[in-house]
Amino acid sequence: MRKRIGTVCLLGAALLVLPPLALPRQEAAGVAAAPVLRYEIWVELDAAGKMLLGKEEIVWTNTSREAVPDMLLHLYWNAFKNEESAFLREARAESMFGRGKAPDKGEWGWIDVTDIRLADGTDLKSGLGFATPDGPEHPDDQTVMRVLFPEPVKPGESVRLQLEFRSKVPRTVARSGYYKSSFFIAQWFPKPGVYEEGKGWNAHAYHQNSEFFADFADFVVHITVPQDFTVGSSGKQTEVRIDESAKKTTYTYRQSMVHDFAWMADPRYIKIEREFIAHKEVTPEEYRETADLLGLPLEEVKLPDVKMTLLIAPEHERQTERHFRALRAAIKYYGLWYGPYPYETVTMVDPPYRTGSGGMEYPTLFTAGTQVLTSKDILSPEGVIVHEFGHGYWYGLVANNEFEAAWLDEGFNTYSTGRVMARAYGPGAMPMVFKGIPLTGLLRLPKTFDFELDRVAAINTVRYDPVTAWSWRFYNSGSYAANVYMRAATLLRTLEGLLGEPAWARVMRTYHMRYRYKHPGKAEFVGLVNEVSGKDMTWFFDELLDSTQAFDYGVAQVASVKVPRARRGVFDVKGAREEMTSKKIEELDTREAKSPEAKAKTAYLTTVVLRRFGEARVRGDAQVKVLVRFKDGTTETRMWDGQARWTRLEFIKPVEVESAQVDPEGVWLIDANLANNSRGVDGLRRNVVKLLTQLLFTVQNLLQFVSSWS
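Values in this document were obtained by computation on a predicted structure and should not be read as measured data. (Residues numbered from 1 in each chain as written. Predicted model: local features only at pLDDT ≥ 70, side-chain atom pairs only at ≥ 80, totals over all residues. Heavy atoms only, no water.)

## A closer look at the overall build of the protein
A count of helical and extended segments in the protein gives 16 helices and 35 strands. In the protein, buried positions account for 54% of the 710 residues. A separation threshold of at least 6 residues defines the contact pool for the protein, and within that pool the share at least 24 residues apart is 74%. (Helix = DSSP H or I, 4+ residues; strand = E, 2+ residues; numbered from the N terminus. Buried < 20%, exposed > 50% of the residue type's maximum accessible area, 1.4 Å probe, protein only. Contact = heavy atoms within 4.5 Å.)

## A word on the sheet that holds strand β15 (residues 236-243)
The seven strands lie next to each other as β4-β7-β2-β1-β13-β16-β15, forming an open sheet whose pairing is mixed. Where the open sheet ends on each side, the last strands, each with one partner, are β4 (110-118) and β15. Direction aside, the axes of adjacent strands within the sheet are offset by 15° on average. When strand β1 (residues 37-46) meets strand β13 (residues 217-226), the two strands line up parallel, connected through eight bridges. Bridge pairing in β13 links Glu 44 to Thr 224. (Pairing = 2+ DSSP bridges. Axes fitted to C-alpha atoms, helices over the stretch in contact; angles between N-to-C directions.)

## Focus: unusual backbone geometry
With an omega of 25°, the peptide bond running from Ser 380 to Pro 381 counts as cis. Among the structural elements, Pro 381 can be located in the loop between β22 (365-367) and α6 (382-398). Although it is not a glycine, Arg 354 adopts a positive phi angle of roughly 60°. Residue position: Arg 354 is located in the loop between β20 (345-349) and β21 (361-362). Residue classification places Arg 354 among the partly exposed residues on the basis of a relative accessible area of 46%.

## Quick notes on the packing of aromatic side chains
Throughout the structure, instances matching the rule amount to 50 aromatic pairs. Where Tyr 178 meets Phe 183, the ring centres are 6.2 Å apart and the plane angle is 35°; that geometry is what we call tilted. Across this residue pair, the class does not change: Tyr 178 and Phe 183 are buried. Each ring, one from Phe 184 and one from Tyr 362, has its centre 5.7 Å from the other, and the planes form 40°; the classification is tilted. With Phe 184 in strand β9 (residues 182-185) and Tyr 362 in strand β21, this pair connects stretches of sequence that are 178 residues apart. The exposure class of Phe 184 is buried, given its relative accessible area of 0%. What makes Tyr 362 buried here is its relative accessible area of 3%. Here the basic side chain of Lys 50 rests over the ring of Tyr 178, its NZ or CZ set 5.2 Å away from the ring centre. The ring centre of Trp 337 lies 3.9 Å from the NZ or CZ of Arg 419, which sits over that ring. (Phe/Tyr/Trp six-rings, centres within 6.5 Å; stacked < 30°, edge-to-face > 60°. Lys NZ or Arg CZ within 6 Å of the ring centre and 35° of its normal.)

So, in structure tokens, the structure goes:
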């Protein structure tokens, strides 16, 4: 087998001089002159043995100002090697509904580096060892490997590594694996971490909740599979070679400036190709509106054409148009709002059954997720398609460290998905599904927008963890998901309401385009928000993302009382003291009641008491808006700085109060209890519909957890 790999390597090396890499388009994308990494990988799938046999060449350039003595490489599939891995130990701790179940006999997955050397032949295998970069909590984890160099790589120098590896494809635990003859292959090759000057290699273990972080690279990947298999992959297919005698086909894919590479193979799958033709999808008016909103020249918001490929299971083929319509909407709106999609191709995969690969993102390739029985009211698979394509913008292009700041991808993309779905489809019915059967029509559930459901999850998880916690340090998977997806998205939408649409649109566009291929963190985003908006919003992130304090302002009391015509007591009247008694006031009321002008003189004192129920508070120049409605239809607006625990507002008007409401425009979506935001004189709180939505959301999530974790 090793000899066969060597022969394929020589063939692949010859192919290097043929078609060039698929380069990202250059329009205002800020592409680096050269990536830090270059890969060429030859891999063969042994479908019967559930094995990968591979050879890999890595060229890494030291762009730091310090000599680097070693390299840390991710061996992600060792997370599925035994129950002592960090991944399975953490999963086992969350065994509710069967979560944390390890593979059965013969279904474990692993990856072995069988040979590693420099390009000049220097053998490095004696310098290999496993590392535990996240501390001693998981001493037997083998998902990070260290290789020592014979001598440190100096600043500006490059090192060329040649590896051979063999891997057992796992029966899926998470994201990657096989079921029968279906394979989804992700996180599959030895992959360097990211070298950070002054800190060393950033290469965390594979944790249950964490995703990934890597440098941008040029990839050339040669995939050999049985001849009857359909293949889909990251990158652009440039070569196909068929070996009739061996009944095998080798596909070559190339892509520049991506930081990961995934592929799938299945003999049953149907491959369908379409084109996103920009001038057919975007009207001149939409281009003009976008350019005006962003303050950009018209040419900078124009979108390129994109080749779209769908790999779909035969039983789902009738949903082909739903898949492509959703993908076209995603390419259009992400492109208009955040910047043109820079790659020539995008591939969406209907995930192979029981490979656990649904709803995952990889550069230029993503997996969707559907079922045989669908409903026109439930926006699925549409929502998954839009979301996973959108990851190509945040995880794929901006490429933050998902181990340490998952919210910068998941939160941004959840927010963005909600915007696209609202624009392209409107509200959708909640996906109530039991054993693959949609129940939405039977239950007649109301349609909602994504942001409404995101808000409910956001307010119910604030007490557990800050949004900015590292991925494996959340209370549990539920807290991780609700915080980095829904709560982060709700906070972004709140920030949008505070800054206003024009400023916010420019914040998001500028952030995305400025930091394409750059690996930004929280500090870069906060700095950009302050720069573009012209306001210091640092407090917003400190108070609402970094803390676990609930944000909750409400109306505690609303009342109107008739102002008496006089008050009891001793008063100075024309130089003399006169006592006003109850009897005198009664006589005065009786006398004036007969006057035609009496009604006009009637006045009411309205008192509105506001409270800060939560610990979090507004800061900076932000204030809480209060709208008071009176029974004659008039209104009064007041602003409260929200610092004290409570405040009292008073109004004297010739009419009684009807109700009072804090945040009438719904800016503070992160408010933990919308039910106390408004109150009438009858004491009843409004927002009953939102309370019903919260109840339905809770039921929905319970069913989803039961069905997806079991």
